[in-house]
Amino acid sequence: MRKKIVAGNWKMNKTYEEALSLVSEIDNMLKDEASGDVTVIVTPPFPYLQSVGKLVQGNDKLHLAAQNVSEHESGAYTGEVSAAMLKSVGVEYVLVGHSERRQYHHEDAQTLYKKMKAALAQGIKPIFCCGEPLQERDADRHFEYVGQQLKDSISYLSNEEFDQVVIAYEPIWAIGTGRTASSQQAQEMHAYIREQLSRMFDAEAAFNCTILYGGSANPGNAKELFSKEDVDGGLIGGASLKSRDFTDIVKSF
Ligand code: PEP
């Protein structure tokens, strides 16, 4: 059985105190309320990783992710954070290829591949984000677009490396817009992604790969999305900033 994951991407939100309160609330709710066999991930901003890491250390339910990683190992890269640094404060997962990084920081396919390699070399699992803009969906080119994103970054990984990767399908038109993909749209894209992965690697590896949906998921639509065969959980932005909403999504399987 492949792993079910719900990951909260806090983006550039929360003060230090707010971040610690949020993770403590999530932890308490997950301990008090039955939430099934789901791996829960929080993705705070860089300055809070160490403290949040200490809070979740040894917690078999709650895990720590970073929002970004440098493609470089170390050295004169002012403002960058390496995979080894992330590893040293307890980071287990890292987002790679989020549409906001692609758009605002011009991260291209080659850079994303290098970031995944840098993370994997430290034993950190990449959560590789892909998804089409609205004009590609409207032109009925969304499968082709996402297929190309996978080909350009994921297909160069080895089989062993790919086994460590989580995919997040995030249609750009659904991120932070309140407009969610229907569960049918999510399912058909997730099935397509899995099929592409089975061609790049093998059917078993593709079957075992966790594919998350992201884009305005909330407690009201998560159950329907997660009921689909190839939807193995969610990457949650806005709704991950409130402990009640986030844990309700975790309990939606
Ligand atoms: C995201 O940014 O990864 C995301 C899914 O955001 P939201 O849930 O706010 O659409």
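Residues numbered from 1 in each chain as written. Predicted model: local features only at pLDDT ≥ 70, side-chain atom pairs only at ≥ 80, totals over all residues.

Visitor: For the UniProt feature "binding site: substrate" (unreviewed entry) in the protein, give the residues involved together with the corresponding values.
Guide: According to UniProt, the positions carrying the feature "binding site: substrate" (unreviewed entry) are Asn9, Trp10, Lys11, Gly176, Ser216, Gly237 and Gly238. Across 230 residues, the annotated set stays spatially compact, with a maximum C-alpha separation of 14.0 Å. Within the fold, Gly176 resides in the loop between strand 6 (166-169) and helix 9 (183-200). Among residues more than four places away in sequence, those in contact with Gly176 are Gly237 and Gly238. (UniProt positions renumbered as here; feature names shortened; annotations may be inferred. Helix = DSSP H or I, 4+ residues; strand = E, 2+ residues; numbered from the N terminus. Contact = placed C-beta atoms within 7 Å.)

Visitor: Outline the UniProt feature "active site" (unreviewed entry) in the protein, supporting the account with residue identities and numerical values.
Guide: If you check UniProt for "active site" (unreviewed entry), the listed places come out as His98 and Glu170 in our numbering. Spanning 73 residues, the named residues nonetheless gather at one spot, since no C-alpha pair among them exceeds 8.3 Å. The topology assignment puts His98 in the loop between strand 4 (93-96) and helix 4 (99-104). When residues no more than four places from it in sequence are discounted, the contact partners of Glu170 are Ser99, Cys129, Gly131, Ile175, Gly214, Gly215 and Leu235.

Visitor: Break down the nonpolar core for me, citing the residues and quoting the values.
Guide: Ala65, Val94, Ile127, Phe128 and Ile167 are the most contacted members of the largest nonpolar core, which totals 73 residues. Here this core gets 6 residues from one element, more than from any other, and that element is helix 5 (residues 109-121). Contacts of Ile167, omitting those with residues within four sequence positions, involve Phe128, Cys130, Ile193, Cys209 and Ile211. (Core = buried A, V, L, I, M, F, W, Y, C linked by C-beta atoms within 7 Å. Buried ≥ 20, exposed ≤ 12 C-beta atoms within 10 Å, placed from the backbone.)

Visitor: Tell me about the packing of helix 7 (residues 142-153) against helix 9, residues and numbers included.
Guide: The interhelical angle for the contact between helix 7 and helix 9, taken along N-to-C directions, is 40 degrees, at an axis separation of 10 Å. Judged by the inter-axis angle, helix 7 sits oblique to helix 9. In the crossing of helix 7 with helix 9, the sense of the turn from one axis to the other is right-handed. The segment helix 7 lies against helix 9, with His142, Phe143, Val146, Gly147 and Leu150 engaging Met189, Tyr192, Ile193 and Gln196. Broken down by class, the residue content of the contact of helix 7 with helix 9 amounts to 6 nonpolar, 3 polar and no charged. (Axes fitted to C-alpha atoms, helices over the stretch in contact; angles between N-to-C directions. Parallel < 35°, antiparallel > 145°, perpendicular 65-115°, else oblique. Left-handed = near helix turned anticlockwise from the far one by under 90°. Nonpolar A, V, L, I, M, F, W, Y, C, P; charged D, E, K, R; others polar.)

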